[in-house]
Amino acid sequence: MDMIRTMVVTLLIIFALRINGVEGEGLQYNFYDKSCPQLDDIVRTTLQPIFLTDPTSPAALLRLMFHDCQVQGCDASILVDPVEGIGLSEMKSAKNFGIRKREVISIVKAMVEVACPKQVSCADILVLAAREAVAMSGGPQIKVPLGRRDSSTAPSYQLADSSIPPATTGVDQMLRLFTTKGMTIEESVAIMGSHTLGITHCLNILDRLYKSEGGEARGLMDPRFEAFLRLICPKGCLTTSNISFVLNDPTTLMFDNRYYMNAMGGRGVLTIDAEMALDHRTAQIVEHFAADQDDFFHAFSTAFVKLSSTGVLIGDQGVIRNKCNVID
């Protein structure tokens, strides 16, 4: 039954991409069949020991891909190290606070280069790593089209500041953001389910906890959960430290539908987590995903492919970097 469901989701993704022109514009499911047929195996076997050593790595890689795709498209620009004298890079953006594990993509790239020199882009490797992060955490097996190229320029921190949504994002902003990427409302709600992995830094919830009118947290929140968050993230806590954080949900290392259960119960950490359970456009979808993990996985898979196909460089556009952190 699981195999049948996987085949159905894959067919739906292919159909959706053809409708939106993605496959015809250069991304293909068999892109590396001749130039690097072992690519999937190399990525997977390289990541497995890293994930075992640090179980928080999958969440970090998934977030890394999300932030990369928000700034001038999925082009691996977030992996580029700052260059002295050229100004502040994308990674200097305050919106990229807490971004980790960029070096993991460089490790995978080095392994791929041994087998397939100058064939595979860092942008594709980043998407494949995020795909494996979901699968190895118990989430769906997502088939993604490939053929992305890497950016030949690094965007400024100002572009990242303006492109990455703030932690205060609500339903209106969220739907505008993802519908412009071709997602349905259901897919938009599903892609937010990535919050089922990882943590939220106190920096991103202080406004919600302490600056709303009447002193109450913005959006539905269980009073006991609010008290817990205030205990973990008190006023004046070290918001510039990576050690000030709360878990997104009790199964923070597992990709599951617990995120939606928490939202329904008033235990959403971010504003968007709480508002989706209340808004008339999204509440029924949140309730459905909380009850049906398979449907959540299906919608997340199609949403993931659409997000990872955003603003891609193809054909003769961009470059294939020798090293992911350096523009050749």
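Quick caveat: nothing in here was measured; it's all calculated off a predicted structure. (Residues numbered from 1 in each chain as written. Predicted model: local features only at pLDDT ≥ 70, side-chain atom pairs only at ≥ 80, totals over all residues. Heavy atoms only, no water.)

Attention now goes to the overall build of the protein. In terms of helices and strands, the protein carries 14 helices and 2 strands. Scored against the burial criterion, the 328 residues of the protein give a buried share of 54%. Summarising the internal contacts of the protein: among those between residues at least 6 apart in sequence, 78% fall at separations of at least 24. With an accessible surface of roughly 15,000 Å², the protein has 57% of that area assigned to carbon and sulfur atoms. (Helix = DSSP H or I, 4+ residues; strand = E, 2+ residues; numbered from the N terminus. Buried < 20%, exposed > 50% of the residue type's maximum accessible area, 1.4 Å probe, protein only. Contact = heavy atoms within 4.5 Å. Areas by Shrake-Rupley, 256 points an atom, 1.4 Å probe, with all protein chains shown as cover.)

Sizing a probe to match a water molecule and rolling it over the atoms shows the empty space that remains. Taken as a whole and assessed by the stated rule, the structure comprises 1 cavity of 30 Å³ or more. The computed volume of the largest cavity comes to approximately 30 Å³. Lining of the largest cavity is provided by Ser77, Val80, Asp81, Ser89, Glu90, Met91, Ala154 and Pro155. Class assignment for the residues of the lining of the largest cavity results in 4 nonpolar, 2 polar and 2 charged. (1 Å grid on protein atoms, 1.4 Å probe; cavity = no way out; pocket = protein on both sides within 12 Å on 5 of 7 lines; lining within 4 Å. Points joined across faces, edges and corners; volume = space filled by probe spheres on them. Nonpolar A, V, L, I, M, F, W, Y, C, P; charged D, E, K, R; others polar.)

The next point concerns the packing of aromatic side chains. Applying the stated criterion across every chain yields a total of 12 aromatic pairs. With a centroid separation of 5.0 Å and 70 degrees between ring planes, the pair formed by tyrosine 260 and phenylalanine 296 is classed as edge-to-face. With tyrosine 260 in helix α11 (residues 258-264) and phenylalanine 296 in helix α14 (residues 293-308), this residue pair connects regions lying 36 residues apart in the sequence. Centroid distance phenylalanine 296 to phenylalanine 297: 5.6 Å. Interplanar angle 55 degrees. Geometry classified as tilted. Grouping aromatic residues by their ring pairs yields a cluster made of Phe255, Tyr259, Tyr260, Phe289, Phe296, Phe297, Phe300 and Phe304. (Phe/Tyr/Trp six-rings, centres within 6.5 Å; stacked < 30°, edge-to-face > 60°.)

Right, let's talk about the state of the cysteines for a bit. Going through the model one piece at a time under the given rule, you end up with 4 disulfides. Through a disulfide, cysteine 36 is tied to cysteine 116; the S-S separation comes to 2.1 Å. Its torsion about the S-S bond being 75 degrees, the disulfide of cysteine 36 and cysteine 116 is classed as right-handed. Of this pair, cysteine 36 sits in the loop between α1 (2-20) and α2 (39-53) while cysteine 116 sits in the loop between α4 (102-115) and α5 (122-136), and the two are 80 residues apart along the sequence. Among the residues examined, cysteine 36 registers a relative accessible area of 1% and is labelled buried. The class of cysteine 116 is buried, set by a relative accessible area of 2%. Each disulfide pairs two cysteine sulfurs, and for cysteine 69 the partner residue is cysteine 74, the sulfurs being separated by 2.0 Å. Across the disulfide from cysteine 69 to cysteine 74, rotation about the S-S bond amounts to roughly 120 degrees, and the bridge is consequently right-handed. With relative accessibility at 1%, the residue cysteine 69 sits in the buried group. Counting its disulfide-bonded cysteines in sequence order, the protein shows a connectivity of 1-4, 2-3, 5-8, 6-7. (Disulfide = S-S within 2.5 Å.)

At a minimum axis separation of 8 Å, α2 and helix α3 (residues 57-70) run at an interaxial angle of 120 degrees. Taken together, α2 and α3 sit at an angle that is classed as oblique. Touching Leu47, Ile50 and Phe51 of α2 are Ser57, Pro58 and Leu61, all from α3. Tallied by class, the residues present in the contact of α2 with α3 amount to 5 nonpolar, 1 polar and no charged. (Axes fitted to C-alpha atoms, helices over the stretch in contact; angles between N-to-C directions. Parallel < 35°, antiparallel > 145°, perpendicular 65-115°, else oblique.)

Quick look at the side chain of asparagine 257 now. Counting through the fold element by element, asparagine 257 comes out in the loop between β2 (245-247) and α11. A distance of 3.1 Å separates the side chain of asparagine 257 from the backbone oxygen of alanine 290, its partner in a polar contact. When residues no more than four places from it in sequence are discounted, the contact partners of asparagine 257 are Phe289, Ala290, Ala291, Asp292, Gln293 and Phe296. (Polar contact = N/O pair within 3.5 Å; in protein donor to acceptor, adjacent residues only side chain to side chain.)

This brings us to the packing of α4 against α5. The interhelical angle for the contact between α4 and α5, taken along N-to-C directions, is 115 degrees, at an axis separation of 10 Å. On the basis of their axis angle, the class for α4 and α5 is roughly perpendicular. Of the two possible hands of crossing, α4 and α5 adopt the one that is right-handed. Residues Ile105, Val108, Lys109 and Val112 of α4 touch α5, and the partners they reach there are Cys122, Ile125, Leu126 and Ala129. Of the residues in the contact of α4 with α5, the class split is 7 nonpolar, no polar and 1 charged. (Left-handed = near helix turned anticlockwise from the far one by under 90°.)

All right, on to the side chain of serine 93 then. Turning to its location among the elements, serine 93 is positioned in the loop between α3 and α4. Polar contacts involving the side chain of serine 93 include one to the side chain of aspartate 161, which spans 2.5 Å. With sequence-adjacent residues up to four places away left out, serine 93 is seen in contact with Tyr157, Ala160 and Asp161.

Read these as geometric descriptors, not functional statements.
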